[in-house]
Amino acid sequence: MCGIVAYVGDREAYPIIIDGLRRLEYRGYDSAGVSIINGSFNNYKKQGKVSDLEQLLEGKDLHGTIGMGHTRWATHGVPNDVNAHPHLSGDGNLSIIHNGIIENYASLKQALENLGHTFKSDTDTEVLIHLIEEIRKGEKDLSLEEATRQALQKVDGAYAIVILEKDNPDKIVGAKKSSPLVLGIGDGEYFLASDASPMVKYTDKVIYLEDEEIVTIERDKGYQIRTIENKVTNPKVLQIDLKIEELEKGGYDHFMLKEIYQQPVTIAESMRGRINAAEGWCKLGGMELHMNRFLNAKRIILTACGTSWHAAMIAEYLFEDLARIPTEVEYASEFRYRNPIITPDDVIIAISQSGETADTLAAIKSAKTKGAFLYGIVNNVGSSIPRETHSGSYTHAGPEIGVASTKAFTSQLTVLTMMAIILGYQKGKISEDYYHRLLSELESIPAQVAKILNKSEQIKYIAGEVRNASNALYLGRGYNFPIALEGALKLKEISYIHAEGYPAAEMKHGPIALIDMYMPVVIIATNESAREKIISNIQEVKARKGIVIAIITEGDDKIKEMADFSIEIPMIEEPLSPLLSVIPLQILSYHIAVMRGCHVDQPRNLAKSVTVE
Ligand code: F6R
């Protein structure tokens, strides 16, 4: 949440910063601002999207080779011009941008007010820059980085910050704790940003700063990194493999649509080099190194948030069904705070697209202290969760920019399915035959997904029929119950239609009261094992005049006749079916949201990477 970008070098800073803000806008989009030094200190900010800021800046003198920008997702203080970043010190000499939350800001603010400071905004960020200013008042020659270091020692909470000083057009100071900050190292130029996307055009050399590190960049001297305890560190410079095309829409109307259509490729990427059905093997490097921990695990605990939590729910079915390992699923935000019983025999798997979700990160940090083995399933290479876990597997879906997660989810499912198959086979819980069938069907998933994508026009027609609904119900059983949850989440987050996911059999314990002729009920009806029961559920909905949209197996004429609309998907082994059944639900939500005129890639109030708890 909140995107940060800063630049110092020989180029004009503003175009780099504004382009960087557009790339980081997925992190927050309720207001944006820039600071540029060019003799004078140019600080501008505006409520709204980056495009609103650009309009404000038209015709302004923004030349200069040092500057920074911010796109905000509000935590403290409503989204408006005043609360937008950057924030200035009382004397106007320092400017700060911040991603995170200063938890003890109220007491710091009070102390500063007692010393005569006055504040313009309601933000915690403004308090921090006043604190740095106050520390420097005592010692005029104190460097900006040293004052920042001393200030951060007084701060509780999470931050990625960048600070500029009006009279020092050659220096940038940045620091991080629990929110990401990447240093990009070019040829005589430097970048700081929340992720590497603003810098990939210019450099592939980066350092992912660690918690409580402070970086000082000086135009002609280079960079230096110190800890908050004032120890110099020498982190390894990494080479990133990120191409600019991966960050563009590539001809699609929205990133979400591009990402839905990328899935045949991204699912294949998640499997690349990890499975060969013809030769009968499947392996994950991160697992192989620790196979005994998995094989001897008394319990697997999966923790995640949102869509990643839905992937975890499906993994519970997979691990228990295929590998017979007791498995639990925990919302990361609850897991951490309810004093869970964790032993060294437990394997904890954290699932996250961004690798930065604050709740998931906090959950695994606390589990680590109890001796559990931590495994990460993460998309974003170099993010915080992989650095906190003992081992893990990247999902290799490539950058996901649409706020609603699609391709990241199916790549998580692909990795989790491979894990369950490996464990089931190695523990002797699945037959040789079934093992080989699962492998070859898993390999066929990209082609099957491509077939479903070809049904987009049919799904668009259905979307048109239900676009004006106020509520929707999603029902599924077994492996497809979490897909019902995921379908409902996709619809509500991008179209603002209230939607609920339920296990199909639970409908009669309450939600059935909601069903009338205006209520679309999406039923995932592909499970062979519960076919007759699902047919009964459909009849129950029809008897109350609900509009049934059924996801069915190809050729299932019986359910097709009962449903108002049906979408056929290829027949597949049940444990693999979520990888197919979620695709039509993603497409349905997308079309409904577009028809309702919603901002699909940037739904209101949301942000892609939730780095606050
Ligand atoms: C929904 C969505 C969110 C994320 C959640 C966790 O479409 O994208 O619910 O799944 O915020 O994010 P990660 O996976 O980055 O930890």
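Residues numbered from 1 in each chain as written. Predicted model: local features only at pLDDT ≥ 70, side-chain atom pairs only at ≥ 80, totals over all residues. Heavy atoms only, no water.

## Points about the overall build of the protein
Scanning the protein from terminus to terminus reveals 20 helices and 27 strands. Its C-alpha radius of gyration of 26 Å places the protein within 12% of the 25 Å reference for a compact globule of 613 residues. The proportion of buried residues among the 613 residues of the protein is 61%. Partitioning the contacts of the protein with sequence separation of at least 6, the portion at a separation of at least 24 is 71%. Summed over all atoms, the accessible surface of the protein reaches about 23,200 Å², with 48% contributed by carbon and sulfur. Of the charged side chains in the protein, 65 are positive and 82 negative; the average position of the first set lies 2 Å away from that of the second. (Helix = DSSP H or I, 4+ residues; strand = E, 2+ residues; numbered from the N terminus. Rg over C-alpha atoms; globule rule 2.2 N^0.38 Å. Buried < 20%, exposed > 50% of the residue type's maximum accessible area, 1.4 Å probe, protein only. Contact = heavy atoms within 4.5 Å. Areas by Shrake-Rupley, 256 points an atom, 1.4 Å probe, with all protein chains shown as cover. Lys, Arg positive; Asp, Glu negative; His and termini not counted. Charge placed at Lys NZ, Arg CZ, Asp CG, Glu CD.)

## Describing the site of the ligand
Around the ligand there are 14 residues in total, and Ser 308, Ser 352, Gln 353, Thr 357 and Glu 493 lie nearest to it. Between the ligand and Lys 490, the relevant distance is 3.0 Å, taken from an oxygen atom to a side-chain nitrogen or oxygen of the residue. Coverage of the ligand by the protein chains reaches 90% of its 410 Å² of free accessible surface. Looking at the shell around the ligand, the elements that each hand over two or more residues are helix H10 (306–323) and helix H17 (481–495). For the shell around the ligand, the per-class residue count stands at 4 nonpolar, 8 polar and 2 charged. Counting contributing residues per domain, the shell around the ligand is built from domain 2 (249–453) and domain 3 (455–600), each supplying no fewer than three. (Near = heavy atom within 4 Å. Polar contact = N/O pair within 3.5 Å; in protein donor to acceptor, adjacent residues only side chain to side chain. Nonpolar A, V, L, I, M, F, W, Y, C, P; charged D, E, K, R; others polar. Domains from an automatic or database assignment.)

## Structural notes on the sheet that holds strand E11 (residues 205–208)
An order of E3-E2-E4-E1-E10-E9-E11-E15 is seen for the 8 strands of this open sheet, with the pairing classed as antiparallel. The open sheet is flanked by strand E3 (40–47) and strand E15 (238–239), the only strands paired with a single partner. As paired elements, strand E9 (residues 182–185) and strand E10 (residues 190–193) share 4 bridges and run antiparallel to each other. Across the sheet, residue Val 182 finds its bridge partner in E10, namely Ala 193. The sheet contacts of helix H2 (residues 50–57) involve strand E2 (31–38), E3 and strand E4 (66–72), and relative to E3 the element is tilted by about 135°. (Pairing = 2+ DSSP bridges. Axes fitted to C-alpha atoms, helices over the stretch in contact; angles between N-to-C directions.)

## Side note on the environment of Met 313
Mapping Met 313 onto the fold places it in helix H10. Look at Met 313 and you get buried, because its relative accessible area is 10%. Along the primary structure Met 313 and His 117 are separated by 196 residues, whereas in three dimensions their C-alpha atoms are 50 Å apart. Excluding anything up to four places from it in sequence, Met 313 contacts Val 329, Phe 481, Pro 482 and Leu 485.

## Description of the sheet that holds strand E13 (residues 222–227)
Strand order across the open sheet formed by 7 strands is E5-E6-E7-E8-E12-E13-E14, with antiparallel pairing between neighbours. Only two strands of the sheet have a single partner each, and these edge strands are strand E5 (87–88) and strand E14 (232–233). Relative to strand E8 (residues 168–177), strand E7 (residues 157–165) is paired through 6 bridges, and the arrangement is antiparallel. Among the inter-strand pairings, Ile 163 is bridged to a residue of E8, identified as Val 173. Across the sheet, helix H4 (residues 124–138) is in contact with E5, strand E6 (94–102) and E7; its angle to E6 comes to roughly 125°.

## Focus: unusual backbone geometry
Along the chain, His 85 connects to Pro 86 via a cis peptide bond; the corresponding omega equals 5°. Looking at the element boundaries, Pro 86 is found in the loop between E4 and E5. Phi angles above zero are rare outside glycine, and Glu 212 is one such case at about 60°. Mapped onto the elements, Glu 212 comes out in the loop between E11 and strand E12 (213–218).

## Considering the pattern of salt bridges
Under the defined criterion, the tally for this structure stands at 31 salt bridges. For Glu 54, the salt bridge is made with Arg 22, and the minimal N-O distance between the two is 3.0 Å. With a gap of 32 residues between them, Glu 54 in helix H2 and Arg 22 in helix H1 (residues 13–24) connect regions that are remote in the sequence. As a salt-bridge pair, Asp 564 and Lys 542 come within 2.7 Å of each other at their nearest N and O atoms. Linking Asp 564 in the loop between helix H19 (557–562) and strand E27 (565–569) with Lys 542 in helix H18 (residues 531–543), this pair joins segments that are 22 residues apart in sequence. Judged by relative accessible area, Lys 542 falls into the partly exposed class, the value being 30%. (Salt bridge = Lys/Arg side-chain N within 4 Å of Asp/Glu carboxyl O.)

## Focus on the pairing of strand E18 (residues 299–304)
With 6 of 6 residues buried, E18 is to be regarded as a mostly interior element. In E18, alternate side chains face the same way, and those of Arg 299, Ile 301 and Thr 303 on one face and Ile 300, Leu 302 and Ala 304 on the other are all buried. Bridge count between E18 and strand E20 (residues 346–352): 5 bridges; the pairing is parallel. Counted as the bridge partner of Arg 299 is Asp 346 from E20. The β-α-β motif built from E18, the intervening H10 and the parallel element strand E19 (residues 327–331) has right-handed crossover chirality. (Right-handed = clockwise from strand over helix to strand, strands pointing away.)

## Remarks on helix H16 (residues 456–466)
Every buried residue of H16 is listed here: Ser 456, Ile 459, Ile 462, Ala 463 and Val 466. What you see down the axis of H16 is that its buried residues fit within an arc of 120°, all on one side. Structural note: H16 exposes Glu 457 and Tyr 461 on the side pointing more than 90 degrees away from its buried face. In this structure, the buried side of H16 is in contact with helix H6 (255–261), helix H15 (432–453), strand E25 (520–524), strand E26 (547–553), E27 and helix H20 (578–595). (Arc of directions from axis to C-beta.)

## Some details on the domain arrangement of the protein
Taken as a whole, the protein is organised into domain 1 (3–246), domain 2 (249–453) and domain 3 (455–600). Taken residue by residue, the interface counts 12 residues in domain 1 and 11 residues in domain 2. Taken together, the two surfaces of domain 1 and domain 2 that pack against each other cover about 910 Å², and 46% of this comes from carbon and sulfur. On the domain 1 side of the contact with domain 2, Tyr 26, Tyr 208 and Glu 246 bury the most area, a combined 47% of that side's loss. At the surface where domain 1 touches domain 2, the tally comes to 2 salt bridges. (Buried area = accessible area lost by both parts, 1.4 Å probe.)

## Structural notes on the nonpolar core
Core analysis: the largest hydrophobic core is formed by 93 residues, its most contacted members being Phe 294, Leu 302, Phe 319, Ile 349, Leu 416, Met 419 and Tyr 474. Each of domain 2 (249–453) and domain 3 (455–600) gives at least three residues to this core. Apart from residues no more than four positions distant in its own chain, Leu 302 is found in contact with Ala 312, Ala 315, Glu 316, Phe 319, Thr 327, Glu 328, Val 329, Glu 330, Ile 349, Ile 351 and Leu 416. (Core = buried A, V, L, I, M, F, W, Y, C linked by side-chain atoms within 4.5 Å.)

## What to know about the side chain of Lys 407
Position of Lys 407 among the secondary structure elements: in helix H14 (residues 407–426). With no salt bridge to any partner, buried Lys 407 finds its closest opposite charge in Glu 259, at an N-O distance of 5.0 Å. A polar contact of 2.9 Å, which involves the side chain of Lys 407, links it to the backbone oxygen of Ala 397. Once residues lying within four places of it in the same chain are set aside, the contact partners of Lys 407 are Glu 259, Gln 262, Gln 263, Thr 266, Ala 397, Gly 398, Pro 399 and Glu 400.

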